Amino acid sequence: MKNNSSSSSNHIASLDSRFNQTLRNVQELLKGRSFPGKVLLTRRSDPLDSSSVQERSPDDERSFSDNDTGPSDRIDKSVEEEDEGTGKPNNTATANKLKSSKPNTENTPKEVPKSTMGARATDSARVMKFTKELSGPTVILETLRELSWSGIPPYMRPTIWRLLLGYAPPNSDRREGVLKRKRLEYLDCVSQYYDIPDTERSDDEINMLRQIAVDCPRTVPDVSFFQEEQVQKSLERILYTWAIRHPASGYVQGINDLVTPFLVVFLSEYLEGSMDNWSIINLSPEKISNVEADCYWCLSKLLDGMQDHYTFAQPGIQRLVFKLKELVRRIDEPVSRHMEEQGLEFLQFAFRWFNCLLIREIPFNLVTRLWDTYLAEGDALPDFLVYIFASFLLTWSDTLQKLDFQELVMFLQHLPTHNWTHQELEMVLSRAYMWHTMFNSSPSHLAS
């Protein structure tokens, strides 16, 4: 009996630590390296001991953050726990494939020059690659996606997002003409559908416009810029025009959130400095119209790839929530079992995640970086969201297993992400890519 009890305890311990062990081993294989276009966590080239975890050197490799001041205590703890693990990857063939895909870095200098901002997205070598790709007569979109997955330099984002979404053509000779024509088309749509009296609208259209007018002030309420009356008016025009031209779904609450990253990125071409100091009051009507048009067309392109997410009953989102539940069961069975025992349904918290693409769950200053990866995924985005959201949820694996139903609901509705930096976001994306690489070739675990 004692042997059986011991065996059972070991099995449970193995399940509990599988998450950290798997992550640790893949990171060890890729220490100091990166996938082409998809960067996993950058690690020091020398083993971490307890002192190095507690006191990181200023020369430690950092990833992506333009302004974070250092990894949080949670990251420090997770790295320490990962280094203590001794397990091996569950998928040896995959791990070997990942390892063999990396260039030989034995002769790489120990001290690699880094940009003054300490962010991979602004490293000079990566900026040169982006610049080279954008300067050619025709942009190779697959190459641009590979580069963009790991973060885009902020000043290049407007151009690259237009290209990734297929709004701007890859041929540089045609680009300016296409954008001019599409912006004029948007103006015509606003004139035809929005700038008309209510007497020319149907009752459904009046109700929809009222709902949009109610939701716009609620959009990203913790960012003062979005409380400007003119910003809310721009949101209203974009959303109403989109809804009228997409009658299969019309306006659905949550789509208002999806406009905000586009609005910030395209306004960044005209406004400088921190968004906290932005105001569009002094922008010319032409510039505001151009920004709105770009937001409108990019929103349309984004939602074209997930049409059934916003039609009646939102079946696309319900399908992805089911896949998320199955993936979490596959990756972290103790968490899955505990949530099931407590009677918590994934729809109770994950529906909003898919509906708003995590915009309400993380600090807004991290959203555009997250969306670099979203847009780089292209048509594969809906399926990859499942892996991102599984990684996001299991960030709190240990905590979730200690909470009862009511505590779980409250915790998942108010996640402790307000102090997150780029470091935590990169951890989420790294795990998501790792799990996608390991599990996506085994579709039975996500069978609907």
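Conventions used here
- Residues numbered from 1 in each chain as written.
- Predicted model: local features only at pLDDT ≥ 70, side-chain atom pairs only at ≥ 80, totals over all residues.
- Heavy atoms only, no water.
- Helix = DSSP H or I, 4+ residues; strand = E, 2+ residues; numbered from the N terminus.
- Contact = heavy atoms within 4.5 Å.
- Areas by Shrake-Rupley, 256 points an atom, 1.4 Å probe, with all protein chains shown as cover.
- Expected span 1.5 Å × (residues − 1).
- Buried < 20%, exposed > 50% of the residue type's maximum accessible area, 1.4 Å probe, protein only.
- Salt bridge = Lys/Arg side-chain N within 4 Å of Asp/Glu carboxyl O.
- pLDDT = per-residue confidence, 0-100.
- Phe/Tyr/Trp six-rings, centres within 6.5 Å; stacked < 30°, edge-to-face > 60°.
- Core = buried A, V, L, I, M, F, W, Y, C linked by side-chain atoms within 4.5 Å.
- Axes fitted to C-alpha atoms, helices over the stretch in contact; angles between N-to-C directions.
- Parallel < 35°, antiparallel > 145°, perpendicular 65-115°, else oblique.
- Left-handed = near helix turned anticlockwise from the far one by under 90°.
- Nonpolar A, V, L, I, M, F, W, Y, C, P; charged D, E, K, R; others polar.

## Digging into the overall build of the protein chain
Check the secondary structure of the protein chain and you find 20 helices and zero strands. Restricting to contacts in the protein chain with at least 6 residues of sequence separation, those with at least 24 account for 75%. With the model as given, the accessible surface of the protein chain reaches about 21,700 Å², and the carbon-plus-sulfur share is 49%.

## Some details on helix α12 (residues 285–304)
Given 3.6 residues to a turn, an α-helix orients residues that are three or four positions apart in the same direction. Taking 1.5 Å of rise per residue, 20 residues should cover 28 Å, and α12 covers 28 Å from first to last C-alpha, within 8% of that figure. Among the 20 residues that make up α12, 15 are buried, leaving the element largely enclosed by the rest of the structure.

## A short note on helix α16 (residues 367–377)
Summarising burial for α16: 11 of the 11 residues are buried, a large majority. By the burial criterion, the buried members of α16 are Val367, Thr368, Arg369, Leu370, Trp371, Asp372, Thr373, Tyr374, Leu375, Ala376 and Glu377. Its buried side turned inward, α16 meets α6 (141–148), α7 (157–164), α11 (255–267), α12, α17 (381–393) and α20 (422–439). Phi for Gly378, located one or two positions after α16, is positive at around 60 degrees.

## Things to note about unusual backbone geometry
Its identity is not glycine, yet Gln314 carries a phi of approximately 45 degrees, on the positive side. Structurally, the position occupied by Gln314 is in the loop between α12 and α13 (315–331). If you check the backbone angles, Leu357 has positive phi at about 55 degrees while not being a glycine. Within the fold, Leu357 resides in the loop between α15 (347–356) and α16. A residue is classified by how much of its surface remains accessible, and Leu357, at 0% relative accessible area, is buried.

## Overview of the pattern of salt bridges
For the structure shown, the criterion picks out 19 salt bridges. Notably, a salt bridge pairs Asp383 with Lys323, separated by 3.5 Å at the nearest N-O pair. Remark: Lys323 occurs in helix α13 and Asp383 occurs in helix α17; sequence separation between them is 60 residues. Judged by its relative accessible area of 16%, Lys323 is buried. Ionic contacts of the salt-bridge type, sharing partners, join the residues Arg162, Arg183, Glu269 and Asp294 into one network.

## Brief notes about the environment of Gln211
When you line up the elements, Gln211 lands in helix α9 (residues 203–215). You can call Gln211 partly exposed: its relative accessible area is 31%. Separated by 40 residues in the primary sequence, Gln211 and Tyr251 have C-alpha atoms spaced 8.6 Å apart. In contact with Gln211, other than residues within four places in its own chain, are Tyr251 and Gln253.

## Some details on the confidence of the model for the protein chain
Overall, the prediction assigns the protein chain a mean pLDDT of 80, with 71% of residues at 70 or greater. Of the regions scoring below 50 in pLDDT, residues 11–16 engages in four contacts with residues more than four places distant in sequence or in other chains. In this model, residues 25–118 is a region of pLDDT below 50 whose contacts with residues beyond four sequence positions or in other chains number 137 contacts.

## Let's talk about the packing of aromatic side chains
If you walk through the whole model with that rule in mind, you get 23 aromatic pairs. Each ring, one from Trp161 and one from Phe262, has its centre 5.8 Å from the other, and the planes form 85 degrees; the classification is edge-to-face. With Trp161 in helix α7 and Phe262 in helix α11, the pair connects residues that are 101 residues apart, well separated along the chain. A single burial state applies to Trp161 and to Phe262, both of which are buried. Taking 5.1 Å as the distance between ring centres and 80 degrees as the angle between the ring planes, the aromatic pair formed by Trp353 and Phe392 counts as edge-to-face. You can see Trp353 sitting in helix α15 and its partner Phe392 sitting in helix α17, a full 39 residues away along the chain.

## Digging into the nonpolar core
Formed by 120 residues in total, the largest nonpolar core has its most connected members in Phe262, Phe354, Trp371 and Tyr374. In this structure, Tyr374 is in contact with Leu357, Leu358, Leu381, Leu385, Ile388 and Phe389, ignoring residues within four places of it in sequence.

## Focus: the packing of α17 against α20
One can describe the packing of α17 onto α20 by two numbers: an axis separation of 8 Å at closest approach and a directional angle of 125 degrees. Considering the angle they form, α17 stands oblique to α20. The two elements α17 and α20 meet at a crossing, and its hand is right-handed. Listed contacts from α20 to Phe384, Tyr387, Ile388, Ala390, Ser391 and Phe392 of α17 are Met427, Val428, Leu429, Arg431, Ala432, Tyr433, Trp435, His436 and Phe439. Split by residue class, the contact of α17 with α20 holds 12 nonpolar, two polar and one charged.

## Some thoughts on the environment of Trp420
With respect to the helices, strands and loops of the structure, Trp420 is situated in the loop between α19 (405–413) and α20. Under the relative-accessibility criterion, Trp420 is labelled buried at 7%.

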